[in-house]
Amino acid sequence: MFAPIKPRKHTFVMLRHYLLTGIRNLLRHKGYTLLNIFGLAIGLATSLFILLFVYHELSYERFHKKADRIYRVCVKGRFAGGDLNQAITAQPMAASMRADYPEIENVVRLRQYGDWLVSYQDKKFHEERFLFADSTFFRVFDFELIQGDPETVLDEPRSVVLTESHARKYFGDDDPVGKMIKLERDTVLTKVTGVMRDVPGNSHIHFDMVGSVHTYARPQNDSWLSHNFYTYVVLKEGISKEQLEPRLNDMVKKYMGPAIQDAIGVTMEEMDKQGFSFGYYLQPLKSIHLKSHLQYEFEPNGNKTLVYIFIVIAVLILLAACINFMNLATARASIRAREVGLRKLAGAHKTRIVMQHLTESVFLVLVAFLVAVLLVSWLLPAFSNLIQIKSNLDFLKQPVIIPVIFLFLLVIACLAGSYPAFFLSSFHPAAVLKGTIRCGTKGRILRGLLVILQMGVSIFILVGAFITFSQLRYLIRTNPGFHRENVLVIRRSDALRDQLETFKQELLKNPDVVAVSHSRRLPGKDYSNNVTFVEGKGMENTFFTWQDWVGFDYDKVFGLELADGRFFSRDISGDSSAVVINEAAVRSLGLEDPVPGKALIGPTGQDSIVRIPIIGVIRDFHFKSLHLSIEPMAYFIMAGNWEGFIPVRLSGNNLEETVAYVKRTWESFTSDYPFDYFWMEDDYARLYDTEKKTSGVFIAFAVISLIIAILGLIGLISYTAVQRTKEVGVRKALGSTGRQIVVLFAKETGRFVLVSAILATPIWFAATAWLHNFAYHIHFNIVIFLFILIGATILTLILAWLSVGAIAVNASRNNPADSLRYE
């Protein structure tokens, strides 16, 4: 007697048999196998890419141990001309919150002053990402220190911590701790007290150096009316935002109200009667990246709508790929009918037949997943560049991710393999061997619906790609109302000190230099804002305006047009205390005929209230992005030479030689500061980086979804051509030409695409909602949408016809006699 096979060993042998049989069967049908694996792999790879992006976007600030208890203090207010919703607060806010609210465990202030010239021996660089912070910085945030004590590294003035990459930049392989660097022209050096890991990509604050905020005297300004600091608080455990936030209004009454009354003689109650408001609120640290788009953000944040769009695209593409996989599996079911019949005659049980098909399906899915991972690894650098983030596959190391992925793959495999397995195993062997088994009308309808759904997804994404691309093109090509082409901008105008005007005149000696000016800010960058009062309207009537300080000829550099009055003139001494406003300010302030005679009452930058006559009104232009409406703007003449920019408008001729001339001229005026410049056109275009990213992603995924849909269509038409072999033979025997047979298949394909276009119409609602995020956008109505939808449908139809054309032509060329003998 033979010893019985143990159950576990028997199960292993059976699975091994199923797997080997399945592999042999798949190798016999290489075209089907490659089509199925490739289609599913593309869908899975796309989903992995999107999972990478979503995981990155949702992981912001998670590396801070106290992230759930850290909040940023923000300012909100409402004034005529615009709303305040700022990420910055007054300097004394931190100390007052620590003193007044025992619920707070810790507080830290952060500030960025602009560019800094940093020198060490013969190395000299402009550092744009220089952050200043309180000594509590490394106690609140968990940026990893490699060297230095987090409790003390920023205790002393003139102490600085470098990131690892910047430590190498200045000191190579030498130990930087204890070394002395020079900031600007300071005679007192700054000491390196620590080195930290480079800031993670999933942080809303990115910097290369962090120094003690007490290094300079400016942080000691105790004015509640001047907002320059980011203030973060850590709440004690057990304390919620809802418990503390309502009590922040006490600070408005205690500190802000008296400050306003001292400055302009108006009480908060009087302002409230005019419908104006002012207050503070707490913003959770983890919500900043996706849910915060405040004034004066550290850097442009993410977009939760974009994340949702990515998730929807991932689901749609994966759905299309899975449909394709299941469709091909069910389509081949009847083709394998004879094999199943022979197995059943040989005594194979229904369960074994089902297990055989499920094993093949699982094997195919696992191979497709491995191919997808290889594709992701290969294309990851290109994808990272497309969405502008540093991505890696580390998220696959998360303990939950791999089990979830494999469970998902198992579900796909079982769904794809269950229908043909149970379908074929249920028939009598004799019927199967006779070839009388057919999948029936219901099977054809199901596969047709699945392909229609695939094509609908493709058209949906294709229409979305066209709309996002059109909006991006509109944003980039729309005239912002100022001249941005051939404008070279030099950083650090203050480096020239009292030689600024001489430098500008020297540049104008070159015939290719059209105009030169200087300014505190530039279009597309953050401006200062302040409240303004109109002469004769009472100080309780508070208006909100953006402000900038500029030099003479600023209007010539940027080609600004005057609607009334004039711009600042060197020949009129009174212009040093005058203002030029835009048309939006005229409307907001309720002014009629502002020039001449009308004046504003407001601060001039030194916290003093003076009368400022209006000498000119410039036509509205987009000094911010087209996401926002044009708001009130006021320009003042810069008194002296502050840190800012020198915009230089060039003729466009001999650009390379002209830039070299500007550089030589700069270096002849100063050797302390390197010549650092950028082009205005490129800098302004960065306002639309998110739209570039969205458009690029839509286009890439539209192509992918089309590929998947076409693969599914090819599979269905191939199967249909085989199933309808007799029908084609009969038609040809009755006189149908090859051309008529091809047209028959083309009509069927056309019906699929047309029905798919109807399924894609909900993109109208998504596109309309997305475009409402822009104050200015492409003209979009139902007629334009239908044109776009028709265009996408025609493109899809052409690709579909080209893809299935060879199959249709091949079917039309079969000999009718052979076709009629087909079983």
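Residues numbered from 1 in each chain as written. Predicted model: local features only at pLDDT ≥ 70, side-chain atom pairs only at ≥ 80, totals over all residues. Heavy atoms only, no water.

Draft legend 1. Representation of the overall build of the protein chain. Counting secondary structure elements, the protein chain contains 26 helices and 25 strands. Every one of the 823 residues in the protein chain was classed for burial, and the buried ones make up 53%. Here the analysis covers contacts within the protein chain between residues at least 6 apart in sequence; of these, 80% occur between residues at least 24 apart. Total accessible area on the protein chain stands at roughly 37,700 Å², and carbon and sulfur atoms take up 58% of it. (Helix = DSSP H or I, 4+ residues; strand = E, 2+ residues; numbered from the N terminus. Buried < 20%, exposed > 50% of the residue type's maximum accessible area, 1.4 Å probe, protein only. Contact = heavy atoms within 4.5 Å. Areas by Shrake-Rupley, 256 points an atom, 1.4 Å probe, with all protein chains shown as cover.)

Draft legend 2. Fine view of the nonpolar core. Ranked by size, the top nonpolar core spans 174 residues in total, and within it Leu 110, Phe 137, Phe 138, Phe 141, Tyr 232, Tyr 280 and Phe 568 carry the most contacts. With residues up to four places along the chain from it excluded, the contact list for Phe 137 reads Val 108, Leu 110, Leu 131, Phe 143, Leu 154, Phe 207 and Val 210. Core analysis: the next-biggest nonpolar cluster, separate from the first, contains 20 residues, Leu 488, Phe 503, Leu 507 and Val 516 among them. (Core = buried A, V, L, I, M, F, W, Y, C linked by side-chain atoms within 4.5 Å.)

Draft legend 3. Main features of the side chain of Asp 512. By the secondary structure assignment, Asp 512 is in the loop between α16 (500–507) and β16 (513–516). Here Asp 512 sits buried without a salt bridge, and the closest side chain of opposite charge, Arg 664, lies 10 Å off (N-O distance). Within the structure, the side chain of Asp 512 is placed 3.3 Å from the side chain of Asn 654, a separation counted as a polar contact. Once residues lying within four places of it in the same chain are set aside, the contact partners of Asp 512 are Arg 649, Leu 650, Ser 651, Asn 653, Asn 654 and Thr 658. (Lys, Arg positive; Asp, Glu negative; His and termini not counted. Salt bridge = Lys/Arg side-chain N within 4 Å of Asp/Glu carboxyl O. Polar contact = N/O pair within 3.5 Å; in protein donor to acceptor, adjacent residues only side chain to side chain.)

Draft legend 4. Main features of the environment of Phe 544. Position of Phe 544 among the secondary structure elements: in strand β18 (residues 543–550). Taking the C-alpha atoms as reference points, Phe 544 and Arg 78, separated by 466 residues in sequence, lie 8.6 Å from one another.

Draft legend 5. Looking closely at the environment of Pro 258. With respect to the helices and strands, the residue Pro 258 is situated in helix α7 (residues 249–264). As for Pro 258 and Trp 224, which are separated by 34 residues in sequence, their C-alpha atoms are 9.4 Å apart. With residues up to four places along the chain from it excluded, the contact list for Pro 258 reads Val 252 and Lys 253.

Draft legend 6. Focus on helix α24 (residues 763–771). When α24 is considered as a whole, its buried residues turn out to be Ile 763, Ala 767, Trp 770 and Leu 771. Looking straight down α24, one finds that the buried residues subtend no more than 95° of arc, so they occupy a single side. (Arc of directions from axis to C-beta.)

Draft legend 7. Summary view of helix α19 (residues 655–669). Taking 1.5 Å of rise per residue, 15 residues should cover 21 Å, and α19 covers 21 Å from first to last C-alpha, within 8% of that figure. Inspection of α19 places Thr 658, Val 659, Tyr 661, Val 662, Thr 665, Trp 666 and Phe 669 among the buried residues, and these make up the whole buried set. Down the axis of α19, the smallest arc covering the buried residues is 155°, so these residues share one side. Among the exposed residues of α19, those oriented more than 90 degrees off its buried face are Glu 656, Glu 657, Arg 664 and Ser 668. The secondary structure elements touched by the buried residues of α19 are β15 (487–491), α16, β16, β24 (645–650) and β25 (677–679). (Expected span 1.5 Å × (residues − 1).)

Draft legend 8. Spatial organisation of the pairing of strand β7 (residues 130–133). Across the two faces of β7 the burial is the same, with Phe 130 and Phe 132 and Leu 131 and Ala 133 all buried. Note that β7 and strand β12 (residues 209–212) share four bridges and pair parallel. Each residue of the ladder has a partner; that of Phe 132, found in β12, is Gly 211. (Pairing = 2+ DSSP bridges.)

Draft legend 9. Fine view of the sheet that holds β15. The antiparallel open sheet is built from four strands, whose spatial order is β16-β24-β15-β25. Of all the strands in the sheet, just β16 and β25 have a single pairing partner and so form its edges. Put simply, the sheet's adjacent strands are angled 25° from each other on average, direction ignored. The sheet contact formed by β15 and β25 spans three bridges and is antiparallel. What sits directly across from Val 489, in β25, is Phe 678. The strands touched by α19 are β15, β16, β24 and β25; relative to β15, the strand with the most contacts, the crossing angle is about 25°. (Axes fitted to C-alpha atoms, helices over the stretch in contact; angles between N-to-C directions.)

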